[in-house]
Amino acid sequence: MSKLTVMDHPLIIHKVSMLRDKNTGAKEFRELVNEISVLMAYEATRDLSMEETEIETPIAKMTTKILSGKKLAIVPILRAGLGMVDGLLSLIPVAKVGHIGLYRDPETLQPVEYYCKLPSDIAEREIILVDPMLATGGSAEAAIEFLKERGAANIRFMCLIASRKGIEVLQKAHPDVDIYAGAVDEVLNDHAYIVPGLGDAGDRLFGTK
Ligand code: PRP
Ligand code: URA
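As the structure is a prediction and not an experimental result, all values here were calculated from the model.

1. Quick look at the environment of Thr45
Inspection of the secondary structure assignment puts Thr45 in the loop between α2 (26-44) and β2 (50-56). A C-alpha to C-alpha distance of 15 Å links Thr45 and Val75, two positions 30 residues apart in sequence. Setting aside residues up to four positions removed in sequence, Thr45 forms contacts with Ile92, Ile128 and Arg156. A polar side-chain atom of Thr45 sits 3.4 Å from the main-chain carbonyl oxygen of Tyr42.

2. Let's talk about the environment of Leu82
With respect to the secondary-structure elements, Leu82 resides in the loop between β4 (72-78) and α3 (85-91). The class for Leu82 is partly exposed, based on a relative accessible area of 36%. Sequence spacing of Leu82 and Gly138 is 56 residues, and the spatial spacing of their C-alpha atoms is 18 Å.

3. Description of helix α5 (residues 164-173)
Among all positions of α5, only Gly166, Ile167, Leu170 and Gln171 are buried. Summarising the axial view, the buried residues of α5 lie within an arc of 125°, below the 170-degree limit, and thus occupy one face. Exposed residues on α5 whose side chains face more than 90 degrees from its buried face are Glu168 and Lys172.

4. Section: the UniProt feature "domain: Phosphoribosyltransferase" (unreviewed entry) in the chain
Within the UniProt annotation, "domain: Phosphoribosyltransferase" (unreviewed entry) is assigned to residues 6-208. Secondary structure within residues 6-208 divides into 32% helix and 33% strand; the distance between the first and last C-alpha atoms comes to 29 Å.

5. Focus: the packing of helix α4 (residues 138-149) against α5
The geometry of a pair of packed helices is captured by two quantities: the angle between their axes and the separation between those axes. It is at 9 Å that the axes of α4 and α5 come closest, and there the two elements cross at 20°. By the angle between their axes, α4 is roughly parallel relative to α5. As α4 packs across α5, the resulting crossing turns out to be right-handed. Residues Ala140, Glu141 and Ile144 of α4 form the contact with α5, whose participating residues are Val169, Leu170 and Ala173. Of the residues that constitute the contact of α4 with α5, the class distribution is 5 nonpolar, no polar and 1 charged.

6. A few points about the pairing of strand β3 (residues 61-67)
Remark: a regular strand shows side chains that alternate across the two faces of the sheet. Summarising the sheet, β2 and β3 pair through 7 bridges and their orientation is antiparallel. What sits directly across from Glu51, in β3, is Ile66. Counting the residues between successive antiparallel strands, the hairpin from β2 to β3 contains 4 residues.

7. Overview of the nonpolar core
If you look at the biggest cluster of nonpolar residues, it comprises 33 residues, and the most contacted ones within it are Leu19, Met40, Met158 and Leu160. The set of elements that each furnish at least two residues to this core consists of α1 (10-20), α2, β4, α3, β8 (126-130), β10 (154-163), β11 (178-185) and α6 (201-206). Top element by residues in this core is α2. It accounts for 7 residues. In this structure, Met40 is in contact with Met7, Ile12, Met158, Cys159, Leu160, Tyr180, Ala181 and Gly182, ignoring residues within four places of it in sequence. Listed in part, the 27 residues of the second largest apolar core include Leu129, Phe157, Cys159 and Leu170.

Conventions and cut-offs
- Residues numbered from 1 in each chain as written.
- Chains lettered and ligands numbered in written order.
- Predicted model: local features only at pLDDT ≥ 70, side-chain atom pairs only at ≥ 80, totals over all residues.
- Heavy atoms only, no water.
- Helix = DSSP H or I, 4+ residues; strand = E, 2+ residues; numbered from the N terminus.
- Contact = heavy atoms within 4.5 Å.
- Polar contact = N/O pair within 3.5 Å; in protein donor to acceptor, adjacent residues only side chain to side chain.
- Buried < 20%, exposed > 50% of the residue type's maximum accessible area, 1.4 Å probe, protein only.
- Arc of directions from axis to C-beta.
- UniProt positions renumbered as here; feature names shortened; annotations may be inferred.
- Axes fitted to C-alpha atoms, helices over the stretch in contact; angles between N-to-C directions.
- Parallel < 35°, antiparallel > 145°, perpendicular 65-115°, else oblique.
- Left-handed = near helix turned anticlockwise from the far one by under 90°.
- Nonpolar A, V, L, I, M, F, W, Y, C, P; charged D, E, K, R; others polar.
- Pairing = 2+ DSSP bridges.
- Core = buried A, V, L, I, M, F, W, Y, C linked by side-chain atoms within 4.5 Å.

Here you go:
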């Protein structure tokens, strides 16, 4: 079974609370999504591989560690995942960015792929798949399926709010994909929205409704 990491840092908990508030406007919402993504990136990259290197400080030679240079890709699930990309890129500027476009069919609630553009060497990259919401788990499950069909083998999933059901679905479908969640909510409503959640993440980010 994959590892689930739920953020317990006070700054993240505070910012997720602000994000949930219905009185938070689009500008502040975008800023919060960005800031939480930066803070979560710290946790989601904790196990990146490192290698030893020789450097020289102004005082002496030393052996130290740097990232081993394994290539990374950030892959947002469109649209709402876009809001998390800049935060991650600010910490990992050399990462490439792929995009997967999915929407939930309002009748069947099943994910439909409408766009996919990935770095050509996606199979060799460590992938951070991002989407603010993990509700039924259908979108993330399908996005990971699409990534694997294109050769991806090393994937982690980062979201701001996950439902208990979404976590279960994802862990069952993709036991190799670790999950990083800003918060976990227990319930989904009849429209598969997370309760209490934060509403529609895409609409709140982009001011559509
Ligand atoms: C939202 C959200 C996820 C998905 C989660 O996107 O950003 O992608 O729903 O739900 P699930 O876990 O039940 O699949 P939505 O389909 O509303 O599209 P949007 O990003 O374009 O708003
Ligand atoms: N998508 C959202 O944006 N919010 C939810 O609560 C569920 C799916």
